[in-house]
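Structure assessment
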Amino acid sequence: MAAPQHWPAWIAVGLFSLLALLPFRVLWALGHGLGRVGWLVLPGRRAVARANLALCQPQLDRRARARLVRAHFGWLGVAALCQGLSWHAGRRRLARIVRIVQREYIDACLAANRPVIVLVPHFVGLELGGTAFTALVHPGMYMYQRIRAPVLDAQVRHGRTRFGSVPVERSDDLRGLLRRIRGGTPFFYLPDQDPGPRRGIFVPFCGVAAATVPTLGRIARLSRAAVVPAFARFLPGGQGLELRFGPPLADFPSGDDAADAARMNQVIEAQLASMPAQYFWVHRRFKTRPAGAPSVYPASRRRARRRRPRAPADEVGP
């Protein structure tokens, strides 16, 4: 990983590591500044966020959605600059920054040796909240997807496992995952990204058909685990981050994969009202569409160039 093509990644890792030495309030302020820059230079992601909000927050007028998109980019900037904290901050500093709220729900399950799946939606504080969970609640385990850049992949993996967390890759044997859950290791489960047409089923999310992984109910049923929701939220004014647990889902799983996936989406929807700017709106959540349904996102310039037919060789100028 010392080859020149990896040098930019090493520089980024070093920069984030240095930023982690700053007080959290300074990181918060710098992050919002970075988010404003991102809003200016990333028109494609800006358009994705606008399209998602038009579908999921139809009660807002155009100006309100535009303000929400700007605020969202600010929180994205904060999350980005907090990456170094996830890689390097010790338990004491994490305990000062992250407030764990209603942890009695998860503690009661752990004390009773009850298998647990921690349902963690994609709010922007997820990475820092996950690190605090491994450091202050339980090392746990999590589903891991390799990052193409090997330097960043190694750094992220180090940050997520340095307190003893166990990574589980998507291709790993499901039996091993179930065995660990039954043995008392909480599984940190991130459910709400577009899985594509092969792995997902269509259930409502904010009233829109969304391709959703139907795995949560199956794993909960096979492991006999309680499903405890957890939500990571950055606090205003650089006050830190809140990791809030909810009560275990009642009457879950139901045995119906579609009903369980829809129930999971409802749990996520219920949190949007309390922190709408911090949901991961720049993800193409509705990229996979039902048969015959039009795309909800404008084609990016890169995709448009790929689709543009090339001129025949005899028509190309000198």
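In case you missed it, the structure is sitting above this.
Residues numbered from 1 in each chain as written. Predicted model: local features only at pLDDT ≥ 70, side-chain atom pairs only at ≥ 80, totals over all residues. Heavy atoms only, no water.

**Re the packing of aromatic side chains**
Test applied: We call Phe, Tyr and Trp rings a pair once their centres come within 6.5 Å, taking the six-membered ring for Trp, and we label the pair stacked below 30 degrees between planes, edge-to-face above 60, and tilted otherwise. Using a 1.4 Å probe on the protein chains alone, a residue whose accessible area is under 20% of its type maximum counts as buried, one over 50% counts as exposed, and one in between counts as partly exposed. Starting at the N terminus, helices and strands are each numbered in turn, a helix being any DSSP run of H or I of at least four residues and a strand any DSSP run of E of at least two. Over a ring means this: the NZ of a Lys or the CZ of an Arg is within 6 Å of the ring centre and within 35 degrees of the ring normal.
Under the definition given, this model contains 12 aromatic pairs. Between Phe 187 and Tyr 189, the aromatic rings sit 5.7 Å apart at their centres with planes inclined by 45°, giving tilted as the arrangement. The same class applies to Phe 187 and to Tyr 189, which are both buried. A ring pair is formed by Phe 205 and Phe 286, whose centres lie 6.4 Å apart and whose planes are at 35°; its orientation type is tilted. Of this pair, Phe 205 sits in strand 6 (residues 201-205) while Phe 286 sits in the loop between helix 12 (257-272) and helix 13 (301-307), placing them 81 residues apart in sequence. When sorted by exposure, Phe 205 lands in the same class as Phe 286, which is buried. Three or more aromatic residues joined by ring pairs make a cluster, and in this case those are Phe 123, Phe 205, Phe 231, Tyr 279, Trp 281 and Phe 286. Between Arg 46 and the ring centre of Trp 39, over which it is positioned, the NZ or CZ distance is 4.7 Å.

**A short note on unusual backbone geometry**
Following Phe 252, the chain continues into Pro 253 via a peptide bond in cis, with omega recorded as 5°. Assignment of secondary structure puts Pro 253 in the loop between strand 9 (241-245) and helix 12. The phi angle at Gln 102 is positive, at roughly 55°, despite the residue not being glycine. In this structure, Gln 102 sits in the loop between strand 1 (98-101) and helix 7 (104-111). We note that Asp 251 has phi near 55°; this positive angle belongs to a residue other than glycine. Looking at the secondary structure, you find Asp 251 in the loop between strand 9 and helix 12. On the accessibility criterion, Asp 251 (73% relative accessible area) is exposed.

**Remarks on the environment of Ala 135**
Selection criterion: When checking whether two residues touch, look at their non-hydrogen atoms; a contact exists if any pair is within 4.5 Å.
Within the element layout of this structure, Ala 135 appears in helix 8 (residues 126-136). Ala 135 sits 41 residues away from Leu 94 along the chain, and the two C-alpha atoms are 7.9 Å apart. Not counting residues up to four positions away in its chain, the partners in contact with Ala 135 are Arg 91, Leu 94 and Phe 163.

**Observations concerning helix 12**
Which entries qualify depends on this criterion: Expected helix span is given by 1.5 Å per residue-to-residue step, counting one fewer step than there are residues. What qualifies as a polar contact is a pair of N or O atoms within 3.5 Å, subject to a donor-acceptor requirement within protein and to the restriction that residues adjacent in sequence count only when both atoms come from side chains.
Given a rise of 1.5 Å per residue, 16 residues ought to cover 22 Å, and the 23 Å separating the end C-alpha atoms of helix 12 matches this to within 8%. For helix 12, the secondary structure elements touched by its buried residues are strand 2 (116-119), strand 5 (187-189), strand 6, strand 7 (208-212), helix 11 (215-223) and strand 8 (226-234). The opening residue of helix 12, the one whose side-chain oxygen lies 3.0 Å from the backbone nitrogen of Ala 258, is Asp 256.

**A word on the side chain of His 283**
Among the structural elements, His 283 can be located in the loop between helix 12 and helix 13. Polar contacts involving the side chain of His 283 include one to the main-chain amide nitrogen of Asp 194, which spans 3.0 Å. Ignoring any residue separated from it by four or fewer positions in sequence, one finds His 283 in contact with Arg 45, Val 48, Asn 52, Asp 192, Gln 193, Asp 194 and Tyr 297.

**Remarks on the packing of helix 10 (residues 174-182) against helix 11**
The criterion, for reference: Lines fitted to C-alpha atoms define the axes, with helix axes restricted to the stretch in contact, and inter-axis angles between N-to-C directions lie between 0 and 180 degrees. Every angle not falling under 35 degrees, over 145, or within 65 to 115 is termed oblique; those three ranges are roughly parallel, roughly antiparallel and roughly perpendicular. Note on convention: near helix rotated counterclockwise from far helix by under a right angle means a left-handed crossing. Clockwise means right-handed. Under the scheme applied here, ten amino acids are nonpolar (Ala, Val, Leu, Ile, Met, Phe, Trp, Tyr, Cys and Pro), four are charged (Asp, Glu, Lys and Arg), and all others, including Gly, are polar.
The geometry of helix 10 relative to helix 11 is characterised by a closest axis approach of 9 Å and an angle of 60° between their N-to-C directions. Between helix 10 and helix 11, the interaxial angle falls into the category oblique. Where helix 10 crosses over helix 11, the two elements pack in a sense that is right-handed. Residues Leu 174, Leu 177, Leu 178, Ile 181 and Arg 182 of helix 10 touch helix 11, and the partners they reach there are Ile 219, Leu 222 and Ser 223. For the contact of helix 10 with helix 11, the class distribution of residues is 6 nonpolar, 1 polar and 1 charged.

**Points about the environment of Pro 197**
Residue position: Pro 197 is located in the loop between strand 5 and strand 6. Residues Pro 197 and Val 213, spaced 16 residues apart in sequence, show a C-alpha to C-alpha distance of 9.9 Å.

**Points about the pairing of strand 8**
Operational definition: Strands pair, by our definition, only if DSSP identifies at least two bridges between them.
In terms of residue burial, strand 8 counts as a mostly covered element, since 8 of its 9 residues are buried. Bridge count between strand 2 and strand 8: 4 bridges; the pairing is parallel. Residue pairing in the sheet places Val 118 in a bridge with Val 228 of strand 8.

**A short note on helix 8**
For helix 8, the tally of buried residues reaches 9 of 11 residues, placing the bulk of the element in the interior. Every buried residue of helix 8 is accounted for by Leu 126, Leu 128, Gly 129, Gly 130, Thr 131, Ala 132, Phe 133, Thr 134 and Ala 135.

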